[in-house]
Amino acid sequence: MHLPRAIWAEPRPPDAPPRGRRDWVFVGLVVVLAVVEFAARPSLRGHPLALLVTLGLAPTLLWRRSRPLLALAAAFVVSGLVAALAPEVPDSYVMIYVLVLPYALFRWGSGREMVAGLVLMAANLAVSVAVDRLSRTDAFGGAAILCTALALGAALRFRVKARTRELEQVRLVERERLARDLHDTVAHHFSAIVIRAQAGLAVAPVQPEAPMEALRIIETEATRALGEMRTIVRVLRRDEAAELAPNPGIADLPGLADHPGPPVAITVEGDLRELPTAVGAALYRLAQESVTNARRHARHASRIEVQLHADDQVVRLTVRDDGEMAGAASPGFGVLGMIERAELLGGECQAGPDGQRGWVVSAVLPRSGR
């Protein structure tokens, strides 16, 4: 049960390259080969429809990454109609290029698109057998060739995903090391600042020039600490400049409604002015993770509600959806991360089913943080 559901919910890979010059060269090569075959193959000369179909479907190769299901549907529906309405028209050998489309579907399509494409390909083979264009033996052979193309696309897809996960794990390990470096290095500079300030205050009555010397050393140490913090933060944020990448906060909550999926209704009550930056960023991250989880896992959800209420002591965040729970109600890494983030600020976070339908995330954070 879990494997079909996982395949159905599989999103499109985010690394699909844009259309480039090689794609146009590929299509041009198909066109040239189709014309050469039509001129050199006597059995095709009396059937210009074969040439028209081969040339007309060649542009589908340009959509194979951006719209893989549409490209495959156009190719297999048209070829199926030709097989049903004009079975006497022979196949062009150049039409073998359509095998690129099943490969592209399983390499770049979503789970739903892959399932729909399988249905289309099976229907195409069934039509070819029904009109005696293919024998059952040939149909089995064609199905085997299609499965090979599909398996190749799926294998490359999941190999890239595994490689991406490995790289992400390496980045996470390196982030931990950088966090330790941040503590060790910056703590050294700030310790020097504190000691120098205390020394300057202690000897100020007998050495009037000591505070000025202490300020010069404090300025030097603070400049070094700030530079090292910016360097480490820049690496942690992957190529984003620290000065240009502020933490999101309460003001950024409306942006959660700008993504595709169920509509997000955001309600804010109470005074949220003078809220510490850490608390505001944590509330935004908790809401962001909750909304993302609802969009991914809540089946048939029609609405997501984000409610934020603040009083003099705490800020309460509630995110709920009206979808159906998929699978067991066990917390994943995202939920565990939310709980940890709330506890670090002296608050708490809970997530679980909301009665008979939907999922709710509740978090309470003190206004001051901890």
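Computed from a predicted structure; not experimentally measured.

Caption draft 1: Up close: the sheet that holds strand β2 (residues 304-310). Ordered in space as β1-β2-β3-β5-β4, the five strands form an open sheet in which the pairing is mixed. A strand with exactly one partner marks an edge of an open sheet, and here the two such strands are β1 (264-269) and β4 (348-353). Taken pair by pair, the neighbouring strands of this sheet meet at an average axis angle of 10 degrees, ignoring direction. The pairing of β2 with strand β3 (residues 314-321) spans seven bridges and is classified as antiparallel.

Caption draft 2: Summary view of the packing of aromatic side chains. Enumeration according to the criterion identifies zero aromatic pairs in this entry. Its end group placed over the ring of Tyr93, Arg41 keeps NZ or CZ at 4.0 Å from the ring centre. A cation sits over an aromatic face here: Arg107 above Trp108, 3.9 Å from the ring centre.

Caption draft 3: Fine view of the UniProt feature "transmembrane region" (unreviewed entry) in the protein chain. In the numbering used here, UniProt assigns the "transmembrane region" (unreviewed entry) feature to residues 24-40, 46-62, 69-86, 92-108, 115-134 and 140-158. The span residues 24-40 shows a helical share of 100% and a strand share of 0%, and its end C-alpha atoms are spaced 24 Å apart. Taken end to end, residues 115-134 has its terminal C-alpha atoms 24 Å apart, with 80% of it in helix and 0% in strand.

Caption draft 4: Structural view of the pattern of salt bridges. Counted under the stated rule, the structure contains seven salt bridges. Across the salt bridge formed by Lys161 and Glu10, the nearest N and O atoms sit 3.1 Å from each other. A residue pair is termed long-range when its members are at least 10 positions apart, and Lys161 in helix α8 (residues 136-203) and Glu10 in the loop between α1 (2-8) and α2 (21-40) qualify at 151 residues. For Lys161, a relative accessible area of 30% corresponds to the partly exposed category. Residues Arg41 and Glu37 are paired through a salt bridge, measuring 2.9 Å at the closest nitrogen-oxygen approach.

Caption draft 5: Just a nonpolar patch on the surface, in detail. The grouping of Ile7, Trp8, Val115 and Val119 at the surface amounts to a nonpolar patch, some 340 Å² of accessible area in total. Elements that contribute at least two residues to the nonpolar patch include exactly α1 and α7 (111-130). The residue Val115 is located in helix α7 in this model. The exposure class assigned to Val115 is partly exposed, which follows from its relative accessible area of 31%.

Caption draft 6: Representation of the pairing of β2. Across the two faces of β2 the burial differs, with Ile304, Val306, Leu308 and Ala310 buried and Glu305, Gln307 and His309 not buried at all. Considered for its hand, the β-α-β crossover made up of β1, helix α10 (residues 277-297) and β2 is left-handed. Hairpin geometry of β2 and β3 is characterised by an intervening segment of three residues between the two adjacent antiparallel strands.

Caption draft 7: Quick peek at the environment of Leu308. Its place among the elements puts Leu308 in strand β2. Spatially, the C-alpha atoms of Leu308 and Ala287 are 9.5 Å apart, while their sequence positions differ by 21 residues. For Leu308, the residues in contact, after removing those within four places along its chain, are Ile250, Leu253, Thr267, Val268, Glu269, Leu272, Leu283, Val315, Arg316 and Leu317.

Caption draft 8: Seen up close, the environment of Ala74. On the secondary structure map, Ala74 appears in helix α5 (residues 68-85). Distance from Ala74 to Leu57, taken between C-alpha atoms, is 7.5 Å for residues 17 residues apart in sequence. Leaving out residues up to four positions away in the same chain, Ala74 has contacts with Leu57 and Thr60.

Caption draft 9: Highlighting the pairing of β3. Across the eight residues of β3, six count as buried, placing the element largely inside the fold. Examined bridge by bridge, β3 and strand β5 (residues 359-366) share seven bridges and lie antiparallel to one another. By the bridge assignment for β5, Arg320 is matched with Val360.

Rules behind the numbers
- Residues numbered from 1 in each chain as written.
- Predicted model: local features only at pLDDT ≥ 70, side-chain atom pairs only at ≥ 80, totals over all residues.
- Heavy atoms only, no water.
- Pairing = 2+ DSSP bridges.
- Helix = DSSP H or I, 4+ residues; strand = E, 2+ residues; numbered from the N terminus.
- Axes fitted to C-alpha atoms, helices over the stretch in contact; angles between N-to-C directions.
- Phe/Tyr/Trp six-rings, centres within 6.5 Å; stacked < 30°, edge-to-face > 60°.
- Lys NZ or Arg CZ within 6 Å of the ring centre and 35° of its normal.
- UniProt positions renumbered as here; feature names shortened; annotations may be inferred.
- Salt bridge = Lys/Arg side-chain N within 4 Å of Asp/Glu carboxyl O.
- Buried < 20%, exposed > 50% of the residue type's maximum accessible area, 1.4 Å probe, protein only.
- Patch = residues over 30% accessible without salt bridge, like charges linked within 9 Å, V, L, I, M, F, W, Y side chains within 5 Å.
- Areas by Shrake-Rupley, 256 points an atom, 1.4 Å probe, with all protein chains shown as cover.
- Right-handed = clockwise from strand over helix to strand, strands pointing away.
- Contact = heavy atoms within 4.5 Å.

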